[in-house]
Structures are given as C-alpha cells and as structure tokens.
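Architecture at a glance
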Amino acid sequence: MDRLSQSRRDFLKTAGMTMGAAILPSSATICPTSNAWLASAPAEGSAKADYTIRIATTPIEIAPDRILSLTTYNGQFPGPLLRFKEAEQVTVDIYNDTSVPEQLHWHGQKVPVNVDGASEEGTPYIPAHGMRRISFLPRPAGFRFYHTHNRAGANLSTGLYSGQAGAVYIEPKDEAGRYDREVFLVLKEFEPTFSRGGDMAQDFLSPSTPLQALKDAGESAMKASLAKGMPRGYEVGYGSFTINGRMLGHGEPIRVKQGERVLFHILNGSATEIRSLALPGHTFQVVALDGNAVATPARVPVLWIGTAERVSAIVQMNHPGVWILGDLDNDDRHHGMGAVVEYAGRSGKPLWTAPPAHRWDYTVFGRKETAPAPEETFEMAFAKDNAADEGFNRWTINGVAYPMTGETMPAAFHLHEGRRHRIRMRNVSDDIHPIHLHRHTFELTNVNGKPTSGVLKDVVMLGGYQTMDIDFVADDPGLTLFHCHQQLHMDYGFMTLFDYV
Ligand SMILES: [Cu+2]
C-alpha cells in the first residue's frame, strides 16, 4: 500500500471515529482564566487525535493526464472537508512531511493565538518533518476555511499558490434554512506564472463610484513611477482553473433532481483572484456570507467571491437540463473554472449562457438601520508603491509596509477588550483588496458611502479608490493580524497587527 492511500485511510478512520463517538482525551491543557485551549506536543502513548492532517507534496490529477505537483493536505485537493461541532473540543495532529516549516490557519474562527496559524501573531510553526498537536473549541458555527499562512514571495509553489486549502463546516446547534442537500465547492487556480501588470481593473461592485481624491492620489503616484522609467509591478496569471480540484468537464457532475433546494457552500481558495459564478436559468438565494447568516437573504443572478470569501446560497432546481455552473470570464471558464450541473434523466452537452448584467452589492444582504456607534475608530489608507520591491509592488498601510523578514513586529494599533472598534478604510489604489481580520468577526457599517448593518464577515472586498467602514468587538485577546488576502499584496507589505492593551 502506498503512503498516500495510507494517509487517506487514516484520515477517514479518525474522521469516522468522531461521528457520534465520545471526544477522546488528549494532552491539551486549558487556561482557566481565558478559556483558551493551549496546544502542546502529544505525550508518549497519548490518545489518538480526532483529526490528522498531513502536509506533503504529491501528484494531483486535475484532468486526465494533467497531473500537477502540489503540496496538499492528506494527498488530496481540496483538503478533506472538516466537520466540527460548535464549541465541542477537537484535537488535530498536523504532520509536516515537507522540508519547510508550515503554518495552518483556521480562517474565520475565534481561536487563541497559538492555534490560529499565523507566525506574525506568534503561532509556533509546524516544523519541517515534524508535527504539532493542537486542541481548540471550534467557533463560531458556519462555513469556515483552513489554509497555509506561509509567505510565498516570488516562490509560486508555496503559500496559497500550493494546494493547501480546504473547507471547514462547524455545525450550529440549530441548522437554519430549509434545503434538501448541501454541496461544497472550492474554487482554485493552478500553474501560476508572473506577468507585468497584465491585470485589468474589475468593475462589478456597487456602489461603484470611486472617490475622486483617492483616484487623483493613486493615479499621480502611478504616473510619477512610470515617468521614472519603472516597469509595472508583477501580477500572477494561471494556466488551469478548477472546482473541487477538477477542470470543467473532468469532475463528477453535481447531480440534482427537479424541485430540489440545493445549498451550495462556495469557497474561493485562490491565492490572488476574485471569482464569479452563474448557473444558466437559475438564481442564488444568498443565506450566509463567510459562514455567517445574513440579515436579509436575497436572490442574485451572479455570485462574486473575493479571495478567501465564502458564500452559502440555496438554488431552487427548477430549470431541467445539463448546465455549466461557471465563471463569467470566458477565458477562465474555458480553462476549467466550472462544474457541470446535471438534472436526473437529462443528458447531453452542458450548456452555458451569460447571465444578465449584475453588480455585487453587500448592502443588499444587510439592514437599512445604521450600526451602533463605535467607541474607537482607526483610520487606514492603503497605497501601492509601483514595482518598488525588486519588481514587485510594495503595499503600505498608512505609509508603512509590513517587513518581509519574518520577525515579529510590534502592533501598530491597540484594542481595548470589550469595546466596539471601527476601521475606516480608504483604498488609494485601483485594485480590489480582499481585506481579512484574524480571530474576529466584523460587521460592514458603511460600503463606499452607503450605511448598512447586519452583514458579518471575516473578508471583504474593498473596491478600487473606494472607502469602507467595518466594526468589530474586541473579544479575543492576543495579537491579531489584519491583512489583504491577495497573496502578492500580503507578501509585499499589506499587513499590520493589533494588540490588546
Ligand atoms: Cu490587496
């Protein structure tokens, strides 16, 4: 038996054991004052973990005879779907079979710093050819994400360019929404290459009006850089596109029956890209964003999903046929970004038709009432130094680029436990930034001039030359990382730390 099938079997076995079985004792210890679960190495002869994750580089077939070398979780892409129960302790053994120390980040969860999986916060690395055992209380309930938090820099085989991404579902005590079955989809591109500023600015957000002052500042900085003879900074493009690790037409179809309500949990596991999805003749009833139920579930013809965002949406299957659930970008869809939806009793070539024009507006899912006033407000401006770091764009928050040396930095912003804080963000660049806050959930309170409330997220797309306010209660003490989730941006400065004072 090869090692790959061995590790898969081990995973299935341990995952199976947790189903209805008593939680196994482990070597984890509890810090009684903060209720934080602290990780420690498994003791000699200690009980088996509830879950085992093995990081290793393996061949992954994304289409017949299209086989990539990828670092993955448990030899598969996406990594196994991890189902936890809210606030029921789990123990996870993470083995690192690579020669590079790794960080596994529990994205969207309220976990202590030494579990979270970010070296900047002080989480210990999973040593090369070593392991870590961690224990924690999964929370909050909903659709979460686990992925590597390593810096990639110019190395396109590591960080989120690799295959280290998977879905987490934390079952709530009461499941909301009526549906017949659920389908998890992980969107991901592979075979990355660099280009010089090939990316076109995307224009799909609403409200869409840029702030003239931000635009003037961003454009004059870019003009000055080009006038000095600087080239445009590197961007990343991809050769292949997949849903659940298979290119369009090469995965198992999503088989549905007429009249069914299918709940899709969709994760954008991309390192750098924003994705769109449509299903011809159908609409999406969005019920949750980033795993958190929205204040106003609403029907949309197209989903736009920034890097690391998640959308949960119910589709009423009332248009029989064989369809392509695919990206609006023809080129990306032709290179694999899609999956086939096949009604029972129907056959033939899967069909695609472009959806009606539609803009993505987070406030549609919110409330009209304004959110409570914050007790403290932080101002942040995000800017780009074109090609400033060996040809890569350097990104700054209030003029400061997070250093890329790997050392721990002092926090730039200070939180008070229990207080409601607001981050007022201004984007002095034409890129859309998927902004992420670790270990906390934030509420959108103003989207480019439009007040809102009731949309709770951990990543949000901030439009080019736009503004946004996000509020959060400081309720998880410890260093807290804040960054753009676009790998090239976070790797070249777009990152900062909060601490609790
Ligand atoms: Cu960014």
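Just above, that's the structure.
Rules of the game
- Residues numbered from 1 in each chain as written.
- Predicted model: local features only at pLDDT ≥ 70, side-chain atom pairs only at ≥ 80, totals over all residues.
- Heavy atoms only, no water.
- Donors = N, O, S within 2.8 Å, 3.2 Å for Na, K, Ca; no water.
- Helix = DSSP H or I, 4+ residues; strand = E, 2+ residues; numbered from the N terminus.
- Buried < 20%, exposed > 50% of the residue type's maximum accessible area, 1.4 Å probe, protein only.
- Contact = heavy atoms within 4.5 Å.
- Polar contact = N/O pair within 3.5 Å; in protein donor to acceptor, adjacent residues only side chain to side chain.
- Pairing = 2+ DSSP bridges.
- Axes fitted to C-alpha atoms, helices over the stretch in contact; angles between N-to-C directions.

A separate point is the coordination of the copper ion. Binding of the copper ion to the protein goes through H433 (ND1), C484 (SG) and H489 (ND1), at separations of 2.0 to 2.1 Å. In terms of primary sequence, the donors binding the copper ion are separated according to H-x50-C-x4-H. Linking H433 in strand β26 (residues 433–437) with C484 in strand β32 (residues 480–484), this pair joins segments that are 51 residues apart in sequence. Neither residue differs from the other here; H433 and C484 are each classed as buried.

Turning our eyes to something else, we now look at the environment of T307. Mapped onto the elements, T307 comes out in the loop between β18 (303–305) and β19 (310–316). By relative accessible area, T307 is classed as buried at 0%. Here the alpha-carbon distance between T307 and I435, two residues 128 residues apart in the chain, equals 9.1 Å. With near-sequence residues (within four places) excluded, T307 lies in contact with N268, S270, A271, T272, E273, I274, P434, V459 and H485. A distance of 3.0 Å separates the side chain of T307 from the backbone oxygen of E273, its partner in a polar contact.

This next bit is on the sheet that holds strand β16 (residues 284–289). In sheet architecture, strand pairing relies on hydrogen bonds along the backbone and comes in two forms, parallel and antiparallel. Reading across the sheet, the six strands line up as β12-β11-β14-β19-β16-β17 and stay open at both edges, with mixed pairing between neighbours. Two strands lie at the open edges of the sheet, namely β12 (234–243) and β17 (292–300), each paired on one side alone. Across the sheet, the axes of successive neighbouring strands diverge by a mean angle of 25°, strand direction being ignored.

Judged by pairing direction, the sheet is mixed, and its four strands sit side by side in the order β5-β10-β9-β7 without closing on themselves. Two strands lie at the open edges of the sheet, namely β5 (79–85) and β7 (104–107), each paired on one side alone. Shown here is a sheet whose adjacent strand axes are inclined to one another by a mean of 20°, direction ignored. Pairing between strand β9 (residues 142–148) and strand β10 (residues 165–171): six bridges, direction antiparallel. Bridging from a neighbouring strand, F143 pairs with Y169 of β10.

By themselves, these figures tell us nothing about what the structure is for.
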